[in-house]
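The chain contents come next:
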Amino acid sequence: MANALKRFIPMFDRVLIERAEAMTKTRGGIVIPEKAQQKVLKGMVVAVGPGSRTEKGDLVPLAVKVGDHVLLPEYGGTKVEIEEKEYHLFRESDLLAKIEQ
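Computed from a prediction, not measured in an experiment: that's the story for all the values here.

Colleague: Describe the nonpolar core, with residues and values.
Modeller: Within the largest apolar cluster, nine residues are counted, these being Val15, Ile17, Val45, Leu62, Val64, Val70, Leu72, Phe90 and Leu95. Grouped together as the second largest cluster of nonpolar side chains are seven residues, Val46, Ala47, Ile82 and Tyr87 included.

Colleague: Just give me the short version of the environment of Arg7, but keep the residues and values in it.
Modeller: Looking at the secondary structure, you find Arg7 in helix α1 (residues 2-7). When its relative accessible area of 63% is taken as the criterion, Arg7 is described as exposed. For the pair Arg7 and Ala47, spaced 40 residues apart in sequence, the C-alpha to C-alpha distance is 9.6 Å.

Colleague: Explain the confidence of the model for the chain to me, using residue names and the numbers behind them.
Modeller: Mean pLDDT for the chain: 83, with 84% of residues reaching 70 or above. Confidence, read as mean pLDDT per element, is least for α1 in the chain (66) and greatest for strand β5 (residues 69-71) (92).

Colleague: Which residues make up a negative patch on the surface, and what values do they have?
Modeller: Together, Glu81, Glu83, Glu84 and Glu86 line one region of the surface with negative charge. Among the structural elements, Glu83 can be located in the loop between β6 (78-82) and β7 (85-91).

Colleague: Account for a nonpolar patch on the surface, with residues named and values stated.
Modeller: On the surface, Leu41, Leu71 and Leu96 cluster together to form a nonpolar patch covering roughly 240 Å² of accessible area. Tracing the sequence through the fold places Leu96 in the loop between β7 and β8 (97-99). On the accessibility criterion, Leu96 (55% relative accessible area) is exposed.

Reading the values: the criteria
- Residues numbered from 1 in each chain as written.
- Predicted model: local features only at pLDDT ≥ 70, side-chain atom pairs only at ≥ 80, totals over all residues.
- Heavy atoms only, no water.
- Core = buried A, V, L, I, M, F, W, Y, C linked by side-chain atoms within 4.5 Å.
- Buried < 20%, exposed > 50% of the residue type's maximum accessible area, 1.4 Å probe, protein only.
- Helix = DSSP H or I, 4+ residues; strand = E, 2+ residues; numbered from the N terminus.
- pLDDT = per-residue confidence, 0-100.
- Patch = residues over 30% accessible without salt bridge, like charges linked within 9 Å, V, L, I, M, F, W, Y side chains within 5 Å.
- Areas by Shrake-Rupley, 256 points an atom, 1.4 Å probe, with all protein chains shown as cover.
- Salt bridge = Lys/Arg side-chain N within 4 Å of Asp/Glu carboxyl O.
- Lys, Arg positive; Asp, Glu negative; His and termini not counted.
- Charge placed at Lys NZ, Arg CZ, Asp CG, Glu CD.

Here it is, written out as structure tokens:
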């Protein structure tokens, strides 16, 4: 699996995100039904593109790097399946925030 991700390089200012897992149990042990689970708005950056280009052709590097944790918008992104695992592809400008660990 790591081999496939190393070969996947997003174009321009796009970022490949692995969403965090949804909570299926409360701290007290109550199982949350799938319909009642909230959409997870956090994720980890798995791959980044080289960056966008200015009108002059200069490369503008991305503000996020592989391993960063980010806050995602509720809607948007493109679903990508790599070796039976689901990822989402966003433009860097769509990301809401970078979360410091």
